[in-house]
Every structure is written in structure tokens, then in C-alpha cells.
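Read off the chains here:
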Amino acid sequence: MSDIMFEHLTKTYPNGFISVDDVTLKIQDGEFVVFHGPSGCGKSTILRMIGGLEDITSGKIYLGDELLNDILPRDRKLAMAFQNYKPQLGILHSEFVGLQKFQMLFSDVTFLRVIRNTLAMGVINLVATFVTAIVFAILLNEIKSNGGKKTVQTISYLPHFLSWIIVTGILHDMLSGTGIVNEVLVNLHVLSQPINFFAHPGYFWPIVAFANVWKETGWNAIIYLAAITSIDPSLYEAAAIDGAGRWNKIKYVTLPGIKPTIVILLLMNVGNVLNAGFEIQYLLGNGLIQKFSQTIDIYVLKWGISQGDYAIGTAAGIFKSLVSIILIVLANQFAKHNGEEQLF
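Residues numbered from 1 in each chain as written. Predicted model: local features only at pLDDT ≥ 70, side-chain atom pairs only at ≥ 80, totals over all residues. Heavy atoms only, no water.

Trainee: Go over the pairing of strand β1 (residues 4-12) with me, naming the residues and quoting the values.
Mentor: Where β1 lies against strand β2 (residues 18-27), six bridges are found, and the strand directions are antiparallel. Across the sheet, Ile 4 pairs through a bridge with Ile 27, a residue of β2. Linking β1 back to β2 in an antiparallel pair, the connection comprises five residues, with Gly 16 at a positive phi of about 95°. Bridging between β1 and strand β3 (residues 58-63) involves five bridges; their strand directions are antiparallel. Along β3, the bridge assignment pairs Glu 7 with Lys 60. (Pairing = 2+ DSSP bridges. Helix = DSSP H or I, 4+ residues; strand = E, 2+ residues; numbered from the N terminus.)

Take a look at the structure:
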């Protein structure tokens, strides 16, 4: 391992938004650092700049004595996967090992297990958040009172702006042995005694799905609400003249009207299936359920950073990106074959 040094690090996007503003920080070898803050504060941007996923607007990043600014992002993030990377040697002088790191990955039972976990949680999250956002948007559109609609909208948006640290804290308190969920279930005689939800692997994936639904449903519904408002009101009037009730209006007017939006967002979200999350699994996971809680991102942190095997971490990241690209292409071709909206 080597020290990491930021000198006046700044990231400014083309629209003028400053994500990282003049950060100077030294992280010593073996030091554990947590970047904490709300969404958009720049914590993820700093990590992406280290890995070469973001260009550096100004400032410098050193890994040991090596200046990362001098290495093109595409070389920085790809070359390590094909090397026995050593920080003291740098990317230019580390031993080239070809596909050896990828062979190690797919012969590792732990990595195959985290692929299963990531894929399972990704699919569950996709289905749960996608369906609930559509249903919520349709139900919200059926509220006739503007005041009531705005109130529900505002309340539903708020969880999106909470960091996962806060969300996992709320979940942990709710589902603990003395939490409100156990208290209610015991008082209703559904359970004879409290249970530890975080000690049973079978509960973990549903807990993650519930957390994502609660946090993101209101935010994800915004685009569907916008699509619904673009539907011609005369279509609803014509349906009412034909005797259609609320359900039939939803079935024959609303859903077909937002179908192109649904298809496009589904295609985009399919590529994020392997982005099942990191924070919630890392914060709520423990030794009793780690065989079901660890994702590819946690694997990269554990082996690529904590154990100092940057090449393994890079190879795992490349695998994840490659699978995402393949999923998007396949989903797009399927949509094209069925005459639906396409990304490209």
C-alpha cells in the first residue's frame, strides 16, 4: 500500500457545477478514511477521480510518489487488470500478466458468490423500485386535490435526500430486537418472541429491496408524473363518454400513454442491475449473513483496496462494466425486435 495525497483537487462539470472544490488531504498507508455527506457533495467523485473514472479539472493526485494526473484515465483504470500491479513500481513498470487476474477471479468461490448476491439484489431492486414508482405515479395522478397531491409528493421525495448512513440507522433501529417492528409483531401475536432480522440471511435481500423502495420511489416517480401530464386530456374525456371508469382509463389511456417512457427507463435500468449497492450492504451486513450480503463493490473494496491487490479490484470492475454493456445492448435489441422505443 502507499499514501494517497490530494493537492488542491477540483472537479468542475461543463454546466458549471463544482462537485469537488480545492480539496487538500493526505491519507497515510493503513489509515481508514470514510467520506461522509449528502448526495452530490463530491465524495464519490473523489473516488472516481482516483480510479480514473473522472477527469481532474485542476489539482494533483499522488499514489505514493507517482502522479496519477500523468496517466490517462483509460490507461489508469484498465492497465492494472492485466498487471501484477505494485504501487512502488507504478503502472508503467509493473509486471504484465495478461488474463491471470480474471482467471483468479472466476476460480474464486467468493467472487462467484458475490456475483450471485449482486445479480439477485439487482434484479429484486429493479423490479421492486420500477413497479412501485409507476404504480405510485399513477395513484398520485388520481388524487384530485392539488393540496393533497403536493403534500404526498413532498413527503415521498424527502427520503431520496437522506444519506444511506441515516437510512441504515433507521432500518437498524426499526428491525432490532427491541425495535418497533418486533414490538408490533409480538403485540399482535404474529411472533411469540422478537427475532433478529440481521442474523437470518433470508431476510437480508427483502430488507435491501424495501430500503430502496422507501428511499427512491417518490424520486423515481417524477418522470412518470411528467409523462402522464403530457397525455392529451381529450383522450380521458373520450374514454369517460364511452363509459370508462378510473381503472379502464388507467388501463387504456394512462399506461399506453407512458409506455415509451417506461420502456426507455427500463432499458437504462437494466444496465444498472449489477449496481445493486454498496453502502446499505456494507453497513447492514455482518459475519452471520456475509455470504448473502456482499456485493461486487464490497469485494473490490476488500480485495482491491484493503488487501492492496489493485489488479483484482480493477478486473472485477471491468467485469461489472462489461456485463452492464452487454445487458443494455441485449435489452435494446429485444426492444427493437418487438417494435418498442430504443436507446440506439
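Trainee: So what's going on with the sheet that holds β1? Residues and values would help.
Mentor: Pairing is antiparallel in the open sheet, where four strands are placed in the order β2-β1-β3-β4. Edge positions in the sheet fall to β2 and β4 (66-67), since each of these pairs with one other strand and no more.

Trainee: Account for the packing of helix α6 (residues 164-175) against helix α8 (residues 201-229), with residues named and values stated.
Mentor: At a minimum axis distance of 11 Å, the contact between α6 and α8 shows a crossing angle of 125°. By the angle class used here, α6 and α8 are oblique. As α6 runs across α8, the sense of the crossing is right-handed. Residues Trp 164, Val 167, Ile 170, Leu 171 and Leu 175 of α6 lie in contact with α8, whose contacting residues are Ile 207, Phe 210, Ala 211, Asn 212, Trp 214 and Lys 215. Residues that form the contact of α6 with α8 fall into these classes: nine nonpolar, one polar and one charged. (Axes fitted to C-alpha atoms, helices over the stretch in contact; angles between N-to-C directions. Parallel < 35°, antiparallel > 145°, perpendicular 65-115°, else oblique. Left-handed = near helix turned anticlockwise from the far one by under 90°. Contact = heavy atoms within 4.5 Å. Nonpolar A, V, L, I, M, F, W, Y, C, P; charged D, E, K, R; others polar.)

Trainee: Break down helix α4 (residues 109-141) for me, with residues and values.
Mentor: For α4, built from 33 residues, the straight-helix expectation of 48 Å at 1.5 Å per residue is met to within 8% by its first-to-last C-alpha distance of 48 Å. Looking at where α4 begins, the residue whose side-chain oxygen comes 3.0 Å from the main-chain nitrogen of Thr 110 is Asp 108. (Expected span 1.5 Å × (residues − 1). Polar contact = N/O pair within 3.5 Å; in protein donor to acceptor, adjacent residues only side chain to side chain.)

Trainee: Talk me through the pattern of salt bridges; I want residue IDs and the actual numbers.
Mentor: Pairs can form between side chains of opposite charge whenever their charged atoms are close. Under the definition given, this model contains three salt bridges. Between Lys 215 and Glu 216 there is a salt bridge, and its shortest N-O distance comes to 3.3 Å. In this structure Lys 215 comes out as buried when scored by relative accessible area, which is 3%. Asp 297 is the partner of Lys 320 in a salt bridge, and the nearest nitrogen-oxygen pair spans 2.7 Å. Of this pair, Lys 320 sits in helix α14 (residues 310-337) while Asp 297 sits in helix α13 (residues 296-306), placing them 23 residues apart in sequence. The exposure class of Lys 320 is buried, given its relative accessible area of 11%. You can call Asp 297 partly exposed: its relative accessible area is 25%. (Salt bridge = Lys/Arg side-chain N within 4 Å of Asp/Glu carboxyl O. Buried < 20%, exposed > 50% of the residue type's maximum accessible area, 1.4 Å probe, protein only.)

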